[in-house]
Amino acid sequence: MIGGSSDELRCSRAGCRADASSAVNWRNPRIHSADRVKVWLACDEHGEYLRDYLATRGFPVLLTPLGAPVDPSTLTVVAS
Ligand SMILES: [Zn+2]
């Protein structure tokens, strides 16, 4: 499942051109069903930034290494 060109895997942070190393898995409970997971890519620097960005909006979120399988039920709302 992992493969292809890593050139495509860039950080989702606006303005960041770094290669992604992490996946920020999240969902919006208002519009997404419980088994739906959206994925943003993040570099080493911005993984926690993007996770916190979503967490402060009350979205379930899980930061994982890029390419790691994710069980939607493991997304958690981070108290802030
Ligand atoms: Zn970045």
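Structural notes, computed from the coordinates.

Definitions and limits used
- Per chain, residues are indexed from 1 in the order of the written sequence.
- Local features in a predicted model are, by the rule used here, given only for residues with pLDDT of at least 70; side-chain atom pairs are given and counted only at 80 or more, and totals for whole chains, interfaces and linings are based on all residues.
- The helix count covers DSSP runs of H or I at least four residues long, the strand count covers runs of E at least two residues long, and both are numbered beginning at the N terminus.
- Residues are called buried when their C-beta atom has 20 or more other C-beta atoms within 10 Å, exposed when it has 12 or fewer, and partly exposed otherwise; all C-beta atoms are positioned from the backbone.
- Contact between two residues is assigned whenever their backbone-derived C-beta positions fall within 7 Å.
- DSSP calls a pair of strands paired once it identifies at least 2 bridges connecting them.
- Fitted lines through C-alpha atoms give the axes, limited to the stretch in contact for helices. The angle between two N-to-C directions lies from 0 to 180 degrees.
- Arc definition: directions from the helix axis to the C-beta atoms.
- Any nonpolar core is a set of buried residues, restricted to Ala, Val, Leu, Ile, Met, Phe, Trp, Tyr and Cys, that join up through C-beta atoms within 7 Å.

### Some words on the overall build of the protein
Across its full length, the protein holds one helix and three strands. When its helices and strands are written in sequence order, the protein yields β-β-α-β. When each of the 80 residues of the protein is scored for burial, the buried share is 28%.

### What to know about the environment of Ser12
Here Ser12 lies in the segment before strand E1 (22-26). The spatial distance from the C-alpha of Ser12 to the C-alpha of His46 is 8.5 Å, given a sequence separation of 34 residues. Once residues lying within four places of it in the same chain are set aside, the contact partners of Ser12 are Trp40, Leu41, Ala42 and Leu50.

### Quick word on the sheet that holds strand E3 (residues 61-65)
If you walk across this open sheet you meet the three strands as E2-E1-E3, and the pairing is antiparallel. The sheet terminates laterally at strand E2 (38-42) and E3, the two strands that pair on one side only. Sheet twist, expressed as the average angle between the axes of neighbouring strands with direction ignored, equals 25 degrees. Where E1 lies against E2, five bridges are found, and the strand directions are antiparallel. What sits directly across from Val24, in E2, is Trp40.

### Quick notes on helix H1 (residues 47-55)
Buried within H1 are the following residues: Gly47, Leu50, Arg51 and Leu54. Within H1, the buried residues cover an arc of 100 degrees as seen down the axis, which keeps them to one side. Against E1, E2 and E3 lie the buried residues of H1.

### As for the nonpolar core
Counting 14 residues, the largest nonpolar core has Val24, Leu41 and Ala42 as its most contacted members. For this core, the secondary structure elements donating two or more residues are E1, E2, H1 and E3. Apart from residues lying up to four places away in sequence, Leu41 is in contact with Leu9, Arg10, Cys11, Ser12, Ala20, Ala23 and Leu66.

### Remarks on the environment of Ser22
Here Ser22 is to be found in strand E1. Here Ser22 falls in the buried class, since 23 other C-beta atoms lie within 10 Å of it. Ser22 sits 22 residues away from Asp44 along the chain, and the two C-alpha atoms are 7.0 Å apart. Here Ser22 is in contact with Ala42, Gly47, Leu63, Thr64, Pro65 and Leu66, once residues within four sequence places are set aside.

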